[in-house]
Amino acid sequence: MKVALVGFRGSGKTSVFNALTGQSADTGFGKKGSNLGRIQVPDARLDALTEIYHPKKTTHAEIQFVDAAGPDETHSGTGLDAGLVAVIREADALVHVVRGFKSAMLTKAPNPAGDLSAFEDELILTDLVQIEKRIERLKKEKRGPELDLMEKLKAHLESEQALRRLELTEEERQACSGFAFLSMKPMLVVLNQAEDDLGNDPPGDMVEAAQERKVELLALCATIEAEIQAMEPDDQKAFLADLGLSEPVRARFIRAAYHLLDLISFLTSGEDEVRAWTIRRGLTAKQASGKIHSDIERGFIRAEVTAYADFIELGTEAKVREAGKLRLEGKDYVVQDGDIMHVRHSG
Ligand SMILES: Nc1nc2c(ncn2[C@@H]2O[C@H](COP(=O)(O)OP(=O)(O)OP(=O)(O)O)[C@@H](O)[C@H]2O)c(=O)[nH]1
Ligand SMILES: [Mg+2]
């Protein structure tokens, strides 16, 4: 999964990036270029399977981050630059960082709800420009069905609403996927709080703005979280307890992201490798096997599935079989979180 950190200049994107990845990228204005990082998704089930199989390799699911410099908040309404648009297009999800702290570099008082909506307008505007161009072309070529869809999207954007809020059929969604519309991407909003606000709930207008836009909201203080991330584990625990925080932001972030994107993990296990694979909830066994390899999806015959809880209770593959807890599932079986799968395939 690829996540882009977006938001106005100085909102704290690079600070959030550091807090999540443990890197120490330069913060402050006008840093050119973007930062890339990745984190492994901790999974206690993977650790338990590793204890049992002692595989040569254990592979966690991964989240990749890209952090690019943001536009100036005083110049909103002029559209996003092409470089930034390209970065956002590539992402599966956006993390929009909004400033909740008084900045030493920016004169404007924090206005997180205002920034949330102003940046959203930039995404909407970018999509609108793209769609208008497409519509002109479709009119010339007299391509009816796609034209209808584009007109529907255009009307929605013109009412100043992001495309992620628009109900679409599966077919329409498919037709949109190649365009990678910015405002259609799932979004998590991070309210970057002042140190003094740590532990306080986000302001009411912010909560409302997030609900209205159907985006998840996570409040944190990036500078403190970046410090925590850089500490030794023992110091980390003591410091978190001191602040009244139960866990570092990385863990909260991962949960929020999985929830937002409706993701689950299935597991594969053996002597060579124990591994977690992240998929969208609702995928069938055949579709999910394509995550491992497209050849496996093509040649899918059946999946041998054990629920993680059953495996851990019984302890060995032989006992799982004996207890009748190894299920043979066909291509239409809907994969469940924690399924341990072995896919039989031809070719
Ligand atoms: N007080 C306070 N300062 C913060 C917080 N988060 C970031 N800052 C400071 O704000 C400044 C800008 O932070 P960055 O993380 O570089 O912001 P950015 O969004 O990456 O900015 P661009 O890359 O220019 O778009 C830095 O001096 C940070 O130390 C915070 O939670 N509290
Ligand atoms: Mg930055």
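Just above, that's the structure.
Since the structure is predicted, the reported quantities are computational estimates derived from the model, not experimental observations.

The rules we used
Residues numbered from 1 in each chain as written. Chains lettered and ligands numbered in written order. Predicted model: local features only at pLDDT ≥ 70, side-chain atom pairs only at ≥ 80, totals over all residues. Heavy atoms only, no water. Near = heavy atom within 4 Å. Polar contact = N/O pair within 3.5 Å; in protein donor to acceptor, adjacent residues only side chain to side chain. Areas by Shrake-Rupley, 256 points an atom, 1.4 Å probe, with all protein chains shown as cover. Helix = DSSP H or I, 4+ residues; strand = E, 2+ residues; numbered from the N terminus. Nonpolar A, V, L, I, M, F, W, Y, C, P; charged D, E, K, R; others polar. Axes fitted to C-alpha atoms, helices over the stretch in contact; angles between N-to-C directions. Parallel < 35°, antiparallel > 145°, perpendicular 65-115°, else oblique. Contact = heavy atoms within 4.5 Å. Phe/Tyr/Trp six-rings, centres within 6.5 Å; stacked < 30°, edge-to-face > 60°. Buried < 20%, exposed > 50% of the residue type's maximum accessible area, 1.4 Å probe, protein only. Lys NZ or Arg CZ within 6 Å of the ring centre and 35° of its normal. Salt bridge = Lys/Arg side-chain N within 4 Å of Asp/Glu carboxyl O. Pairing = 2+ DSSP bridges.

Draft legend 1. How the structure looks around the site of ligand 1. In the neighbourhood of ligand 1, 22 residues make up the surrounding shell, with Lys13, Thr14, Ser15, Gly28 and Gly70 lying closest. The backbone of glycine 12 places a nitrogen or oxygen atom 2.9 Å from an oxygen atom of ligand 1. Contact between ligand 1 and glycine 28: an oxygen atom at 2.6 Å from a main-chain N or O atom of the residue. Starting from 650 Å² of accessible surface for ligand 1 in isolation, the protein chains cover 87%. Those elements that provide at least two residues to the shell around ligand 1 are helix H1 (13-21), strand E6 (187-193) and helix H8 (222-229). A class-by-class count of the residues in the shell around ligand 1 yields seven nonpolar, 12 polar and three charged.

Draft legend 2. Local environment of the packing of helix H5 (residues 144-158) against helix H6 (residues 170-177). The interhelical angle for the contact between H5 and H6, taken along N-to-C directions, is 85°, at an axis separation of 11 Å. Classed by the angle they form, the pair H5 and H6 counts as roughly perpendicular. The residues of H6 that touch H5, namely those facing Leu149, Lys152 and Leu153, are Glu172, Ala175 and Cys176. Here the contact of H5 with H6 is composed, by residue class, of four nonpolar, no polar and two charged.

Draft legend 3. The arrangement of the side chain of glutamate 172 in detail. Position of glutamate 172 among the secondary structure elements: in helix H6. Only 2.9 Å separates the side chain of glutamate 172 from the backbone nitrogen of threonine 169, close enough to count as a polar contact. The contact partners of glutamate 172, leaving out residues within four places of it in the chain, are Leu149, Lys152 and Glu167.

Draft legend 4. Seen up close, the packing of aromatic side chains. According to the stated counting rule, one finds five aromatic pairs in the structure shown. Relative to phenylalanine 311, the ring of tyrosine 53 has its centre 5.9 Å away and its plane inclined at 10°; by these criteria the two rings are stacked. Placement of the pair is tyrosine 53 in helix H2 (residues 44-53) and phenylalanine 311 in helix H13 (residues 308-314), with a sequence separation of 258 residues. The buried category is assigned to tyrosine 53, whose relative accessible area is 11%. Judged by relative accessible area, which is 4%, phenylalanine 311 ranks as buried. Measuring from centroid to centroid gives 5.5 Å for phenylalanine 65 and phenylalanine 253, while their planes differ by 50°, and the two rings are tilted. With phenylalanine 65 in strand E4 (residues 62-67) and phenylalanine 253 in helix H10 (residues 249-261), the pair connects residues that are 188 residues apart, well separated along the chain. Taking the relative accessible area as the measure of exposure, phenylalanine 253 reaches 2% and is therefore buried. The residue whose ring lies beneath arginine 275 is tryptophan 277, and the NZ or CZ to ring-centre distance is 4.0 Å.

Draft legend 5. Structural detail: the pattern of salt bridges. Counted according to the given criterion, the structure contains 21 salt bridges. Between glutamate 62 and arginine 38 there is a salt bridge, with its nearest N and O atoms 2.8 Å apart. One end of the pair, glutamate 62, is in strand E4; the other, arginine 38, is in strand E2 (residues 35-40), with 24 residues separating them in the sequence. The exposure class assigned to glutamate 62 is partly exposed, which follows from its relative accessible area of 30%. For the salt bridge of arginine 137 with glutamate 141, the shortest nitrogen-to-oxygen distance reads 3.1 Å. Here arginine 137 pairs with glutamate 141, and both are found in helix H4 (residues 112-141), just four residues apart, close to one helical turn. Judged by relative accessible area, which is 37%, glutamate 141 ranks as partly exposed. Residues joined in a network through salt bridges with shared partners are Asp43, Arg45 and Asp337.

Draft legend 6. Spatial organisation of the sheet that holds E6. Pairing is mixed in the open sheet, where six strands are placed in the order E2-E4-E1-E5-E6-E7. Where the open sheet ends on each side, the last strands, each with one partner, are E2 and strand E7 (216-220). Strand after strand, the sheet turns through a mean of 25° between neighbouring axes, direction not considered. As paired elements, strand E1 (residues 2-6) and strand E5 (residues 93-100) share four bridges and run parallel to each other. If you follow leucine 5 over to E5, its bridge partner there is valine 95. Those strands touched by H10 are E1, E2, E4, E5, E6 and E7, and its axis lies near 175° from that of E7.

Honestly, that's just the spatial picture; any functional story needs more than this.
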